[in-house]
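So you can see what is in the structure, the chains are spelled out below.
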Amino acid sequence: MIGILETLGYVIVAGTVAQMALGLYGTWRRGYLERRSFAAEARLFERRVELSLRHAEAERDLAVNSWSGFRKLKVVRKVREAEDVHSLELVAHNGRPLPRYLPGQFLTFQFRLPDRSKPLVRCYSLSDAPSDGGRYRISVKKVPAPEGAACDPGIVSGYLNDVVREGDILDVRGPTGAFTGDPASDQPIVLIAGGIGITPLLSMLNAMCDGQTEREIRLFYGVRNRDQHAFAEHIAGLRRLYPTLHVVTCYSRPTEACVLGRDYDRPGRIDLALLRDTLPSTNYLFYLCGPAPMMESVAGGLRDWGVPSEDIRVEAFGAATAHRQPTERPAAEAKPGVEVRFDRSGKTLNWDGSAGSILALAESNGVALESGCRAGHCGTCIVAIKAGAVDYVAEPAVVPEPGTCLACMAVPRDRLILDA
Ligand SMILES: Cc1cc2nc3c(=O)[nH]c(=O)nc-3n(C[C@H](O)[C@H](O)[C@H](O)COP(=O)(O)OP(=O)(O)OC[C@H]3O[C@@H](n4cnc5c(N)ncnc54)[C@H](O)[C@@H]3O)c2cc1C
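Source: prediction; values computed, not measured. The residue numbering used here restarts from 1 in each chain and proceeds along that chain's sequence as written. Reporting in this predicted model follows two pLDDT cut-offs: at least 70 for local features of residues, and 80 or more for side-chain atom pairs to be given and counted; totals over whole chains, interfaces and linings ignore these cut-offs and use all residues. To get the side-chain values, all heavy atoms of the structure are used, and hydrogens and water are removed first.

**Examining the overall build of the protein**
Point 1. Where helices and strands are cited, they refer to DSSP runs of H or I of at least four residues and of E of at least two residues respectively, numbered from the N terminus. Regarding its fold elements, the protein presents nine helices and 19 strands.
Point 2. Scaling as 2.2 N^0.38, a compact globule of 420 residues should have a C-alpha radius of gyration of about 22 Å, whereas the protein reaches 28 Å, well beyond that.
Point 3. Considered along the principal axes of its C-alpha atoms, the protein spans approximately 125 × 50 × 50 Å.
Point 4. Here's how the labels work: a residue is buried when its accessible area is under 20% of the maximum for its type, exposed when over 50%, partly exposed in between, all with a 1.4 Å probe on protein chains only. Within the protein, the proportion of its 420 residues that are buried is 45%.
Point 5. By sequence separation, contacts in the protein at least 24 residues apart represent 67% of the contacts at least 6 residues apart.
Point 6. Computed with the Shrake-Rupley method and a 1.4 Å probe, the accessible areas treat only the protein chains shown as cover for residues. Carbon and sulfur atoms provide 53% of the accessible area of the protein, an area that totals close to 21600 Å². Within these notes, the globule rule equals 2.2 Å times the number of residues to the 0.38 power, and the radius of gyration is based on C-alpha atoms. For this analysis, residues touch if any pair of their heavy atoms sits within 4.5 Å.

Set out below in structure tokens:
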């Protein structure tokens, strides 16, 4: 009997001790988890403050140290990134520091090529995160002639890929552009890149991942196949490092050498079906850069899916978008069958909507107009308006003075007389 009572006593004591131990462990664990989550939150907060300060510093640096006109930058490194794509790294020719920039911005270049009577102006996005070293990088894809067209391939993209060498000096305007994001924000972000449209998005991605990131980032990257897959290794490296970065790579024309699951994740192009299939909700900021048809269909699809317009940011790479594609809004805002008079050239033409922009109308009828980026960024095609008014097919980045217009983005609202 005593033995039984003794055993019972031991059991009760052991039970009590175990209960106390469990209680203590629970309290310790709760405290540990709270401390850990507090430490994680503190780290995240510090990181956001750091990014925010860096962003503000870049804005200040740009405002104070950017330059007007063209400055001489030297090509210090040229790297092949993929078939027909090269990156060029640039520093100031005079050795002075270059200002920081905001990820997503671009540079404007002026080229005086031996066989061209007039300088050519082109824009190229900065393709890396801003660095303290004051080094800029652009990545340029050679533009072929349109299929079946009897014309030369892209002049400047060919020149930068095939002719420019390390040590060469280029004329460059300071970084600019509004296609930028707030790197300190923790709002989940979706980057959608088609082909060389990866450049401004890669700059943003690198800036967000610079050091660490806990932000949910989803990159959708569409290219033709492995040969055209620029920055594949770099992006794969980031993907391994950052668990909150999700990448979906689409190959529209995979070759036999392309391995699904190793080189790419999906066959085909990026479309709304893929986004709906992959994203758990619409609660993201969307940044798009790529060929005009992809951007138009994806941006339109996102709006139909319920994404507010202010959460969809788009960068157009110029010529293809404003020059040869039918304009987005002229039919709604400008009446077809409008007379446009190029006063100095003595030509009166009829704009019927199919011509595209005023620049395109002029070019296809032998009226010489200066042009540069063809996307409303560089201001080269500004023309004085003598009578009439214009509408813009999309918001131009450069706001022309009253009484002038950006011919690459403008369509006539009514009868127009231009000083050209
Ligand atoms: C903000 C911005 C950022 C950009 N960032 C980048 C970037 O990071 N990387 C990049 O590679 N590009 C970028 N671009 C595009 C770049 O600026 C150039 O438009 C591109 O390199 C083509 O220039 P090009 O001189 O080679 O072609 P162009 O000589 O202007 O020719 C363009 C196309 O028109 C065709 N063409 C020529 N003449 C005719 C004709 N008479 N009729 C019909 N077609 C004709 C050519 O064959 C070619 O297909 C950016 C553009 C903008 C506006």
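**A word on the nonpolar core**
For soluble globular proteins, the rule of thumb is that nonpolar side chains tend to be buried together.
Point 1. Here, the term nonpolar core denotes a set of buried Ala, Val, Leu, Ile, Met, Phe, Trp, Tyr and Cys residues that are joined through side-chain atoms within 4.5 Å. Judged by nonpolar contacts, the single largest core of 31 residues is most densely connected at Leu191 and Leu205.
Point 2. At seven residues, the largest contribution of residues to this core is made by helix H3 (residues 198-209).
Point 3. Here leucine 205 is in contact with Leu191, Ile217, Leu219, Leu238 and Leu245, once residues within four sequence places are set aside.
Point 4. Residues Val340, Leu349, Leu361 and Ala362 belong to the second largest nonpolar core, which totals 27 residues.

**Details of the UniProt feature "domain: FAD-binding FR-type" (unreviewed entry) in the protein**
Point 1. UniProt positions are given in the numbering used here, feature names are shortened, and annotations may be inferred rather than shown by experiment. Residues given the UniProt feature "domain: FAD-binding FR-type" (unreviewed entry) here are residues 68-182.
Point 2. In the segment residues 68-182, helix accounts for 7% and strand for 40%; the C-alpha atoms at its two ends are 25 Å apart.

**Quick word on the pairing of strand E2 (residues 85-92)**
Point 1. The buried count for E2 comes to seven of eight residues, which makes it a mostly enclosed element.
Point 2. As judged from the eight bridges shared by strand E1 (residues 71-82) and E2, these two strands associate in the antiparallel manner. Counted as the bridge partner of valine 75 is leucine 90 from E2.
Point 3. A pair of strands is treated as paired once DSSP finds two or more bridges between them. Taking the residues between adjacent antiparallel strands as the criterion, E1 and E2 are bridged by two residues, where aspartate 84 takes a positive phi near 60°.
Point 4. Where E2 and strand E5 (residues 136-141) come together, six bridges link them in antiparallel fashion. Residue pairing in the sheet places leucine 90 in a bridge with tyrosine 136 of E5.

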